[in-house]
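An overview of the molecular structure
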Amino acid sequence: MEDNPARDRRSRPHGPREPPTITPAVEKLQSRVQEILSMLTPEELHKFRVILKTVDEEPRVSDLKLELEGRSASGLACLLVKHYYLRIAPRVVTKVLERLCRADVLLHWKSYPAGDGAVIPRKILKRSFDCVEGELDCYDLSCRRRAFLMCVQKNRPGAHRDVQLMEDWLGQCRFESTLCLDPDRMELLEKLTSFRDELNEIKAEISCCLVTLMSHGKKGWITMKDGDEVSLEDVFEMFNNKNCPALHEKPKIFIIQACRGEKRDSGVETDDEPMDSDDVSEKRRLPTFSDYFIIYPTQPDYVALRHPRTGSVMIEAMTEVFKQYGNRWHIADFFTKVNNSVVHTPFYLHGEPIKVTLVMESTLTRFVYF
């Protein structure tokens, strides 16, 4: 009961204390906390306050204090440092960010030393293999994230659903998107060139680029609404280190939702496991095609699958996995989980069983967390 005397006596040592003296260390920590909170969207900042009320650190912040002092990022940063002091405040911020599922912000926060020189407490991210987080080398995605989304909807039932799902997913991953629907060959190449040139103009502001192309296709090519074809190699080349210096040592991600041939795989009674491959490049001189990650919905020469109502199999699986797990995984692990879902889901075409498996190609040199 709230009026239990014993409970009152136990809680008294954790009651209100005098606010900490404003020292350079306090000011520095408050500035860092405010920087981290400024990286959150208004919705995420609201969720941060909700989670904060449940963190198992005493004394907990009251609803009234949060309402009066913690409405803005600066106010909340001041409240956290004032309420929890130098030693506890970093631990509280870490706990809340872990539950907020913003891996990029969490890693950025953990790169700071605590106010007394100690390392901010770390927790190993959930990954598909055991690792020590201190050994992870991640891309810095704190700047703008730009995406180009192209979809040919003509003669592709369910394509409109793919566009909706991809726009939602890109928004949740904090990408600014450029949409291109039903282009012909020249229109696509012109819009991709304009998109690339814009990246080069704002080089310092860009941290990541993602290009999604959804249409019919065959091995190495994607088909436009008028039947003309565009070489995927030409598209990839537009964003290499020679043609797009804005993306030097920054991730260039390509999601290709298109057939790669006409073969159909009915499946066999065996299990195949995807293999991981790490490509570590020199730092003094970059290869022309480094820091790429390309995902295909099927293997070379085979068809991709798309439902007329729910959309493409890969796009739907991506959104379902993200909905369940958020951005807690590196992009290769994320698509491995998507592939697991696709591989183990039964599909039928004209009454016959058909199987697909995603294919990943990577020259990434660091881990990517959205």
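For every chain, the first residue of the written sequence is number 1, and numbering continues from 1 onward in sequence order. Owing to the predicted nature of the model, reporting of local features is limited to residues with pLDDT of at least 70; listing and counting of side-chain atom pairs is limited to 80 or more, with chain, interface and lining totals taken over all residues. Values reported for side chains reflect all heavy atoms of the structure, with hydrogen atoms and water molecules removed beforehand.

Take the packing of aromatic side chains next. Each pair of aromatic rings taken from Phe, Tyr and Trp, with Trp reduced to its six-membered ring, is defined by centres within 6.5 Å and is described as stacked if the planes are under 30 degrees apart, edge-to-face if over 60, and tilted in the remaining cases. A full pass over the atoms with the stated rule returns twelve aromatic pairs. On the basis of an interplanar angle of 55 degrees and a centroid distance of 5.5 Å, the ring pair of Phe148 and Phe195 is categorised as tilted. Of this pair, Phe148 sits in strand E1 (residues 144-151) while Phe195 is found in helix H8 (residues 185-201), placing the two residues 47 residues apart along the sequence. The burial state of Phe148 is the same as that of Phe195; both residues are buried. Ring centres of Phe289 and Tyr292 lie 5.6 Å apart, and the angle between their planes is 45 degrees; this geometry places the pair in the tilted category. Secondary structure elements follow DSSP: runs of H or I no shorter than four residues count as helices, runs of E no shorter than two count as strands, and numbering proceeds from the N terminus. Burial classes follow relative accessibility: with a 1.4 Å probe on protein chains only, a residue under 20% of its type's maximum area counts as buried, one over 50% as exposed, and anything between as partly exposed.

Let's shift gears to unusual backbone geometry. One non-glycine residue, Arg174, lies in positive phi territory at about 65 degrees. Mapped onto the elements of the fold, Arg174 is located in the loop between helix H7 (159-172) and strand E2 (176-181).

Among the residues making up helix H3 (residues 42-52), those that are buried are Glu44, Leu45, Phe48, Arg49, Ile51 and Leu52. Looking straight down H3, one finds its buried side chains confined to an arc of 165 degrees; they lie on one side. For H3, exposure combined with an orientation more than 90 degrees from the buried face picks out Pro42 and Glu43. This arc is built from the directions going out from the helix axis to the C-beta atoms.

So, about the pattern of salt bridges. Two side chains bearing opposite charge may form a pair once their charged atoms approach each other closely. What makes a salt bridge here is a side-chain nitrogen of Lys or Arg within 4 Å of a carboxyl oxygen of Asp or Glu, nothing more. Tallied over the full model, the rule gives eight salt bridges. Glu205 is the salt-bridge partner of Arg144, the closest N and O atoms lying 2.9 Å from each other. With Arg144 in strand E1 and Glu205 in the loop between H8 and strand E3 (206-214), this pair connects stretches of sequence that are 61 residues apart. Residue Glu205 is classed as partly exposed on the basis of its relative accessible area, which comes to 38%. Across the pair Glu229 and Lys218 runs a salt bridge whose closest N-O atoms are separated by 3.6 Å. Of the two residues, Glu229 sits in strand E6 (residues 229-231) while Lys218 sits in strand E4 (residues 217-218), which places them eleven residues apart along the sequence. Given a relative accessible area of 28%, Glu229 falls into the partly exposed group.

This part is about the state of the cysteines. Note that a disulfide, as used here, is simply two cysteine sulfur atoms within 2.5 Å. In this structure the tally under the stated criterion is zero disulfides. Free of any disulfide, Cys151 has its nearest cysteine sulfur in Cys180, 9.8 Å distant. According to the relative accessible area criterion, Cys151 is buried, its value standing at 0%. The cysteine Cys209 is free of any disulfide, with Cys244 supplying the nearest cysteine sulfur at 6.6 Å.

A word on the nonpolar core. In terms of nonpolar packing, the biggest core is built from 46 residues, with Trp169, Ile255, Met318, Phe335 and Phe370 touching the most fellow members. Those elements that place two or more of their residues in this core are E1, H7, E3, strand E7 (252-257), strand E9 (292-296), helix H10 (313-325) and helix H11 (331-343). Residue contacts are counted whenever heavy atoms from the two residues lie within 4.5 Å of one another. Setting aside residues up to four positions removed in sequence, Phe335 forms contacts with Ile255, Phe293, Ile295, Met318, Leu358 and Met360. We call a set of buried residues a nonpolar core when its members are Ala, Val, Leu, Ile, Met, Phe, Trp, Tyr or Cys and they connect through side-chain atoms within 4.5 Å of each other.

A pair of strands is treated as paired once DSSP finds two or more bridges between them. If you trace the three strands from one edge of the open sheet to the other, you get E4-E5-E6, paired in antiparallel fashion. Edge positions in the sheet fall to E4 and E6, since each of these pairs with one other strand and no more.

This next bit is on the environment of Leu80. Take Leu80: it is sitting in helix H5 (residues 73-100). Along the backbone, Leu80 and Val92 are twelve residues apart, and their C-alpha atoms lie at a distance of 8.4 Å.

This part takes up the packing of H10 against H11. Throughout, an axis means a line fitted to C-alpha atoms (over the contacting stretch in the case of helices), and angles, computed between N-to-C directions, take values from 0 to 180 degrees. Running from N to C, H10 and H11 point in directions that differ by 120 degrees, and their axes come no closer than 9 Å. Here H10 is positioned oblique relative to H11, judged by the angle of their axes. The way H10 lies across H11 gives a crossing that is right-handed. Along the contact surface, H10 presents Val313, Met314, Ala317, Met318, Val321, Phe322 and Tyr325, while H11 presents Phe334, Phe335, Lys337, Val338, Ser341 and Val342. Under the scheme applied here, ten amino acids are nonpolar (Ala, Val, Leu, Ile, Met, Phe, Trp, Tyr, Cys and Pro), four are charged (Asp, Glu, Lys and Arg), and all others, including Gly, are polar. Of the residues that constitute the contact of H10 with H11, the class distribution is eleven nonpolar, one polar and one charged. Working rule for angles: under 35 degrees goes down as roughly parallel, over 145 as roughly antiparallel, 65 to 115 as roughly perpendicular, anything else as oblique. In this scheme, a crossing is called left-handed if the near helix is turned counterclockwise away from the far one by less than a right angle; it is called right-handed if the turn is clockwise.

Here Lys355 shows up in the loop between strand E14 (352-354) and strand E15 (359-362). Residues Lys355 and Ala304 lie 51 residues apart in sequence; the distance between their C-alpha atoms is 9.4 Å. Polar contact criterion, stated in full: a pair of N or O atoms within 3.5 Å, where within protein one must be able to donate a hydrogen and the other to accept it, and residues adjacent in sequence count only if both atoms are side-chain atoms. Polar contacts involving the side chain of Lys355 include one to the main-chain carbonyl oxygen of Val343, which spans 2.7 Å. Only 3.1 Å separates the side chain of Lys355 from the backbone oxygen of Thr345, close enough to count as a polar contact.

This next bit is on the sheet that holds E9. Read from one edge to the other, the open sheet built from six strands follows the order E2-E1-E3-E7-E9-E15, with strand pairing classed as mixed. Either end of the sheet is taken by a strand with one partner, and the two such strands are E2 and E15. Averaged over all pairs of adjacent strands, the angle between strand axes in this sheet comes to 10 degrees, irrespective of strand direction. Bridge count for E1 against E2 is six bridges, and the pairing is parallel. Opposite Arg146, over in E2, you have Glu176 as the bridge partner. Strand contacts of H7: E1, E2, E3 and E7, with the helix running at about 180 degrees to E1, the strand carrying the most contacts.

With that settled, consider a negative patch on the surface. Exposure above 30% relative accessible area and the lack of any salt bridge qualify a residue for a patch; like charges then connect within 9 Å, and the nonpolar side chains Val, Leu, Ile, Met, Phe, Trp and Tyr within 5 Å. Only the protein chains shown count as cover for residues, and all accessible areas are computed by the Shrake-Rupley method using a 1.4 Å probe. As used throughout, the charge tally considers Lys and Arg to be positive and Asp and Glu to be negative, leaving His and the chain termini uncounted. Taken as the charge centre is NZ of Lys, CZ of Arg, CG of Asp or CD of Glu, depending on the residue. Judged by side-chain charge, Glu233, Asp234, Glu237 and Glu361 come together as a negatively charged surface patch. Along the polypeptide, Glu237 turns up in helix H9 (residues 232-238). The class of Glu237 is partly exposed, set by a relative accessible area of 39%.

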